[in-house]
Amino acid sequence: MNKKIKQKEFIIEKTLLLFAGITIITTIAIILTLFGESFLFFREIPIWDFLTGTTWAPTLKPRSFGVLPLLVGTLMVALFSSIISLPLGLGSAIYLSEYSNKKARKVIKPILELLAGIPSIVYGFFALTFITPIIKQILPQTEIFNVASASIAIGIMTLPMVASLCEDAMMAIPDSVRNGAYALGSTKMEVALKIILPSTATSIASAFVLAISRAIGETMIVAIAAGQSPMLNFNPLASIQTMTGFMVNLSLGDIQQGTIEYKTLFAVGAMLFMITLIMNLIAKGILHRNKVRY
Amino acid sequence: MIEQEENKQQKNDRIKSRLILNKPKNNEESINTSKENIKIECKDIDFHYGTNHALKNVNLQIMENRITALIGPSGCGKSTFIRTINRMYEHVVDTKIEGTIHLDKENVLAPDYDVTELRKKVGMVFQKPNPFPKSIYENVIYGPRKHGLKNKGQLDLIVERSLKKAALWDEVKDRLHTSALGLSGGQQQRLCIARCLAVDPEVLLMDEPTSALDPIATLKIEDLFQALREEYTIVIVTHSMQQAARISDNTAFFLNGEIIESGLTDDLFTKPKDSRTEDYITGRFS
Ligand SMILES: Nc1ncnc2c1ncn2[C@@H]1O[C@H](COP(=O)(O)OP(=O)(O)OP(=O)(O)O)[C@@H](O)[C@H]1O
Ligand SMILES: [Mg+2]
């Protein structure tokens, strides 16, 4: 009898281990392919030229592999989308946790969840067919494909994540703490700014980093709305190309395994992977440092 | 005339109680020779949570520099009552209050009475210790800083004075800048008392301040009250008859949102007028 239970337990445990193992193996496989092909790439193109070059033309002759235009494009999208998602997300979180009553929460929370569930391709077309025309009306020099429009869409898309991560942290602070501050004569705003924000600063920072890292990795929206012109420029109203935009663009055409174009894909992919990995590690690091427990 | 009579009686009782209970009441003479002042006068308080009539025509006088204990079974409205005095009920939705609460002759329930001012004068300590997730030092100076004090030297002074008054200074003076959440429950509660004292209130409201603490921490805080009553007017909710008898001067017995009986603690415990009071204090209450 006892033996049977033990056997059952054993089988369950090993099965679950196998499931966990699959994800680990997949991750390792991805990393190996990425870095293996990249290694071949850097045998042909010096890594220094790749990182500091300002001309990106991997498919045209004369070829050039300076990744800076892609990097700048990516960072611009990350920056401009953060300008939308971070303050709005944090603001919504403060409103939801400190100000709203039950009724308002009942309306706002599902809307945020809905926003988070919209596929990014929808956001992409929304940017191209709705946001861009509006920007163009205000600033006629705006190009059809531009950074601003894609960034706004990404900002809206990542806003719910920022809001919900921040709100979770704020709701974790017990009401007794708020009451303590109210009993000392604090207003709602003082409670939000002097008690809630400082005590959730680490969670907020890590939510911010995660949102930025999502913006960096976002592909569909930039591919549709930000354009495909890998020119080094800092104009948010002009078309650019991001790392992800380049990758999706190149892989749409048929490229032969073993060619330099093929390897380029992996080099850019590896770089993207490194950036998001570092961002995620930063977010984790922030969270683990002086985390408040109740 | 009647008031004088009461005073005399009270004095006698006080002396008697000191003999019996050995309360450490230091400069009692100086307090008692002066006329006893009403600090807070609650008149005809009716309070509703939605349709729940939680306080029914409550009348109570709270004396200056005295400890007033509020006792009664769970759900009878003690917390609700104590929260009317500093208008904390305003943070609960759908409440309604009628009546007047005069603090030094001013009605604090009047809409134009500034809540921030009120809560500066009337501090509150909660059942569960609720330090802010900040350092010990930051906890204490939260109130003074909020009310506009910036001078570092003065703030340091306030921290030391408040923590000493709360009998916590010696235990934390070497770790003022570490997190308050690292303190024990009893220490946290004394920190909350210090945080309250830092804004120099006149009245301290305490809602079961020792119910989450062990007996030793409880005794420490009870001793503290005896020292504090010389400077402050204290209102304390407690479920412990012994605690009420040990530390309070006056007691009010609540039942189903009404005050059944109130008066000198010694009278109320030795010769209760109402049979329901007697049932409750003797534990015969169901
Ligand atoms: N926030 C609230 N919303 C609605 N009803 C409440 C609220 N707080 C208290 N009540 C109700 O008001 C009545 C009095 O509650 P109160 O908390 O004042 O009792 P209490 O005497 O402090 O009890 P206890 O000794 O258990 O703390 C109860 O019927 C309670 O259910
Ligand atoms: Mg209570």
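What counts, and at which threshold
Residues numbered from 1 in each chain as written. Chains lettered and ligands numbered in written order. Predicted model: local features only at pLDDT ≥ 70, side-chain atom pairs only at ≥ 80, totals over all residues. Heavy atoms only, no water. Helix = DSSP H or I, 4+ residues; strand = E, 2+ residues; numbered from the N terminus. Areas by Shrake-Rupley, 256 points an atom, 1.4 Å probe, with all protein chains shown as cover. Pairing = 2+ DSSP bridges. Axes fitted to C-alpha atoms, helices over the stretch in contact; angles between N-to-C directions. Contact = heavy atoms within 4.5 Å. Near = heavy atom within 4 Å. Nonpolar A, V, L, I, M, F, W, Y, C, P; charged D, E, K, R; others polar. Buried area = accessible area lost by both parts, 1.4 Å probe. Salt bridge = Lys/Arg side-chain N within 4 Å of Asp/Glu carboxyl O. Polar contact = N/O pair within 3.5 Å; in protein donor to acceptor, adjacent residues only side chain to side chain. Buried < 20%, exposed > 50% of the residue type's maximum accessible area, 1.4 Å probe, protein only. Domains from an automatic or database assignment. Right-handed = clockwise from strand over helix to strand, strands pointing away. Core = buried A, V, L, I, M, F, W, Y, C linked by side-chain atoms within 4.5 Å. 1 Å grid on protein atoms, 1.4 Å probe; cavity = no way out; pocket = protein on both sides within 12 Å on 5 of 7 lines; lining within 4 Å. Points joined across faces, edges and corners; volume = space filled by probe spheres on them.

**Quick notes on the overall build of chain B**
And then number 1: What chain B contains, in helices and strands, is twelve helices and ten strands.
And then number 2: When the accessible surface of chain B is summed, it comes to about 13,200 Å², and 50% of that surface belongs to carbon and sulfur atoms.

**Considerations on the sheet that holds strand β8 (residues 233-237) of chain B**
Residue and element names in this part refer to chain B.
And then number 1: As summarised here, the arrangement of the six strands in space is β6-β7-β8-β3-β9-β10, forming an open sheet in which the pairing is mixed. The open sheet has two edge strands, β6 (122-125) and β10 (258-264), and neither has a second partner. Shown here is a sheet whose adjacent strand axes are inclined to one another by a mean of 15°, direction ignored.
And then number 2: Bridge analysis of strand β3 (residues 67-71) against strand β9 (residues 250-255) gives four bridges, and the strand direction is parallel. Following the sheet pairing, Ile 71 is matched in β9 by Phe 253.
And then number 3: Across the sheet, helix α3 (residues 78-85) touches β3, β6, β7 (203-207), β8 and β9, and the angle it forms with β7 is around 155°.
And then number 4: The strands that helix α9 (residues 215-228) touches are β3, β7 and β8; relative to β8, the one it contacts most, it runs at about 150°.

**Observations concerning the site of ligand 1**
All names here are of chain B.
And then number 1: Ser 74, Lys 78, Ser 79, Thr 80 and His 239 are the nearest of the 13 residues found near ligand 1.
And then number 2: Residue assignment for the shell around ligand 1 shows that the elements contributing at least two residues are β2 (52-63) and α3.
And then number 3: Looking at the shell around ligand 1, the element that brings in the most residues is α3, giving three residues.
And then number 4: Of the residues that constitute the shell around ligand 1, the class distribution is four nonpolar, seven polar and two charged.

**Quick notes on the interface of chain B and chain A**
And then number 1: At the junction of the two partners, chain B supplies 21 residues and chain A supplies 18 residues.
And then number 2: Carbon and sulfur atoms make up 64% of the surface buried where chain B meets chain A, a total of about 1,700 Å² over both sides.
And then number 3: Scanning the region where chain B abuts chain A turns up one salt bridge.
And then number 4: The partner of Glu190(A) in a salt bridge is Lys146(B), with the nearest N and O atoms 3.0 Å apart.
And then number 5: Counting every contact that joins chain B to chain A gives six residue pairs in polar contact (both at pLDDT 80 or more).
And then number 6: When contributions to the side of chain B that touches chain A are tallied by element, the ones reaching two or more residues are α4 (115-121), β6, α5 (136-146) and α8 (185-197) of chain B.
And then number 7: Across the side of chain B that touches chain A, the residue classes break down as eleven nonpolar, five polar and five charged.

**So, α5(B)**
Every α-helix carries 3.6 residues per turn, so stepping three or four residues along brings you back to the same face.
And then number 1: With nine of its eleven residues buried, α5(B) lies for the most part within the structure.
And then number 2: Among all positions of α5(B), only Ile136(B), Tyr137(B), Asn139(B), Val140(B), Ile141(B), Tyr142(B), Gly143(B), Pro144(B) and Lys146(B) are buried.
And then number 3: Tucked into the core, α5(B) has its buried residues touching α7 (175-183) and α8 (188-199) of chain A together with α4, α6 (152-165), α7 (169-172) and α8 of chain B.
And then number 4: One or two positions beyond α5(B), positive phi appears at Gly148(B), with a value near 105°.

**So, the domain arrangement of chain A**
Residue and element names in this part refer to chain A.
And then number 1: When the domains of chain A are assigned, the result is domain 1 (2-44) and domain 2 (64-289).
And then number 2: In this structure, domain 1 and domain 2 have C-alpha centres spaced 30 Å apart.
And then number 3: Counting residues at the interface gives ten residues for domain 1 and eleven residues for domain 2.
And then number 4: If you sort the residues of domain 1 by the area they bury against domain 2, Leu 34, Glu 37 and Phe 41 come out on top, with a joint share of 54%.

**Comments concerning the pairing of β8(B)**
Residue and element names in this part refer to chain B.
And then number 1: Extensive coverage of β8 is indicated by the burial of five of its five residues.
And then number 2: Along β8, one buried face is formed by Thr 233, Val 235 and Val 237 and the opposite face, lined by Ile 234 and Ile 236, is buried too.
And then number 3: Of the pairings in the sheet, the one linking β3 to β8 comprises four bridges and is parallel in character. Considered in β8, the bridge of Thr 68 is made with Val 235.
And then number 4: Relative to β8, β7 runs parallel, the two being bridged by five bridges. Each residue of the ladder has a partner; that of Leu 204, found in β8, is Ile 234.
And then number 5: A crossover connection joins β7 to the parallel β8 through α9; in handedness this β-α-β unit is right-handed.

**What about the nonpolar core?**
Residue and element names in this part refer to chain B.
And then number 1: By size, the foremost hydrophobic cluster in this structure holds 56 residues, and its most contacted members are Leu 70, Phe 81 and Phe 254.
And then number 2: Broken down by element, the residue count for this core peaks at five residues, all from β2.
And then number 3: Setting aside residues up to four positions removed in sequence, Phe 254 forms contacts with Leu 55, Val 58, Leu 70, Ile 71, Gly 72, Pro 73, Cys 76, Gly 77, Lys 78, Phe 81 and Ile 259.
And then number 4: Formed by 45 residues, the second largest nonpolar core is a distinct cluster that contains Ala 198, Ile 221, Ile 247 and Tyr 280.

**Side note on the layout of surface pockets**
And then number 1: In this structure, the largest pocket occupies an estimated 860 Å³ of space.
And then number 2: Together, 26 residues line the largest pocket, and Ser100(A), Asp175(A), Lys188(A), His91(B) and Val93(B) are the ones closest to its centre.
And then number 3: Those elements that place two or more of their residues in the lining of the largest pocket are α3 (68-99), α4 (102-117) and α7 of chain A together with β1 (38-49) and α3 of chain B.
And then number 4: The residue inventory of the lining of the largest pocket, partitioned by class, reads eleven nonpolar, six polar and nine charged.

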